[in-house]
Amino acid sequence: GSVKDSPNQDCSRIEPVPGPEDFVIDRETGIMYISSHDRRKENQFGSIYTLDLKTKDPKPLRQNINYPPNFRPHGLSFASTASGKKLFVLSHLDD
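Being a predicted model, the structure only gives us computed values, none of them experimental. (Residues numbered from 1 in each chain as written. Predicted model: local features only at pLDDT ≥ 70, side-chain atom pairs only at ≥ 80, totals over all residues. Heavy atoms only, no water.)

1. Observations concerning the packing of aromatic side chains
Centre distance and the angle of the planes are the two values used to describe a pair of aromatic rings. Just so we agree on the cut-off: The aromatic pairing rule takes the rings of Phe, Tyr and Trp, using the six-membered ring of Trp, and pairs them if the centres are within 6.5 Å, calling planes under 30 degrees apart stacked, those over 60 edge-to-face and the rest tilted. Comment: elements are numbered from the N terminus, with helices defined as DSSP H or I runs of at least four residues and strands as E runs of at least two.
Scanning the entire structure with this criterion turns up 2 aromatic pairs. Centre to centre, the rings of Tyr-33 and Phe-78 are 5.9 Å apart; their planes meet at 15°, and the pair counts as stacked. Of the two residues, Tyr-33 sits in strand β2 (residues 31–36) while Phe-78 sits in strand β5 (residues 73–81), which places them 45 residues apart along the sequence.

Shown next as structure tokens:
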């Protein structure tokens, strides 16, 4: 088989985040959570970004939270429970 170029009016390019590793989507709000860590740079630590998929031109926003020391996010998991919404983040240990 071959790959065909098929334009899609509903698709658009979004700004990149440094070293995206994983993402999860809150289907209720349309918010995508992205784990980000530019592992190629020494002494670089990671962040969590959000992307509002319900907006016409979504832009990734770095979440200004109290990150743990040496934060190197990898996998993400999202849960909506009776007690609220929770985002679980796996972080790599120091190399």
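Moving on from the model shown.
2. Section: the environment of Glu-21
Formally: The rule is simple: take the accessible area with a 1.4 Å probe, protein chains only, and divide by the maximum for that residue type; under 20% is buried, over 50% is exposed, in between is partly exposed. It only takes one pair of heavy atoms within 4.5 Å for two residues to be counted as in contact. The definition of a polar contact used here is a pair of N or O atoms within 3.5 Å, where within protein one atom must be able to donate a hydrogen and the other to accept one, and adjacent residues in sequence count solely through side-chain atom pairs.
Within the secondary structure layout, Glu-21 lies in strand β1 (residues 20–26). For Glu-21, a relative accessible area of 32% translates into the label partly exposed. Sequence separation between Glu-21 and Ile-34 is 13 residues; the distance between their C-alpha atoms is 7.4 Å. For Glu-21, the residues in contact, after removing those within four places along its chain, are Ser-35, Arg-39, Pro-73 and His-74. Here the side chain of Glu-21 touches His-74 through a polar contact of 3.5 Å, side chain to side chain.

3. Observations regarding the pattern of salt bridges
Here the idea is simple: oppositely charged side chains can pair when their charged atoms come close. In plain terms, the rule: Salt bridge criterion: a side-chain nitrogen from Lys or Arg within 4 Å of a carboxyl oxygen from Asp or Glu.
The full count for this structure, using the stated rule, is 4 salt bridges. Across the pair Lys-59 and Glu-15 runs a salt bridge, and its minimum N-O distance is 3.8 Å. In this pair, Lys-59 sits in the loop between β3 (47–52) and β4 (61–62) while Glu-15 sits in the segment before β1, placing the two residues 44 residues apart along the sequence. Take Glu-15: its relative accessible area is 41%, and that puts it in the partly exposed class. Note that Asp-26 is salt-bridged to Lys-85, the shortest N-O span being 2.7 Å. Placement of Asp-26 in strand β1 and of Lys-85 in strand β6 (residues 84–91) is noted, with a sequence separation of 59 residues between them.

4. Observations concerning the pairing of β2
This is how it is decided: Whether two strands pair comes down to DSSP finding at least two bridges between them.
The element β2 is largely enclosed, with a buried count of 6 among its 6 residues. Residues of β2 alternate between two faces, with Ile-31, Tyr-33 and Ser-35 on one and Met-32, Ile-34 and Ser-36 on the opposite face, all of them buried. Pairing of β1 with β2 involves 6 bridges; the strand directions are antiparallel. Of the residues in β2, the one forming a bridge with Asp-22 is Ser-35. Alignment of β2 against β3, held across 6 bridges, turns out to be antiparallel. Directly across from Ser-36, in β3, lies its bridge partner Ser-47.

5. Comments concerning the sheet that holds β3
With antiparallel pairing, the 4 strands of this open sheet are ordered in space as β1-β2-β3-β4. Strand pairing shows two members of the sheet lacking a second neighbour, β1 and β4, which therefore form its edges.

6. Let's talk about unusual backbone geometry
Of note, Asn-70 is a non-glycine position whose phi angle comes to about 55°, a positive value. Here Asn-70 shows up in the loop between β4 and β5. Owing to a relative accessible area of 34%, Asn-70 belongs among the partly exposed residues under this scheme.

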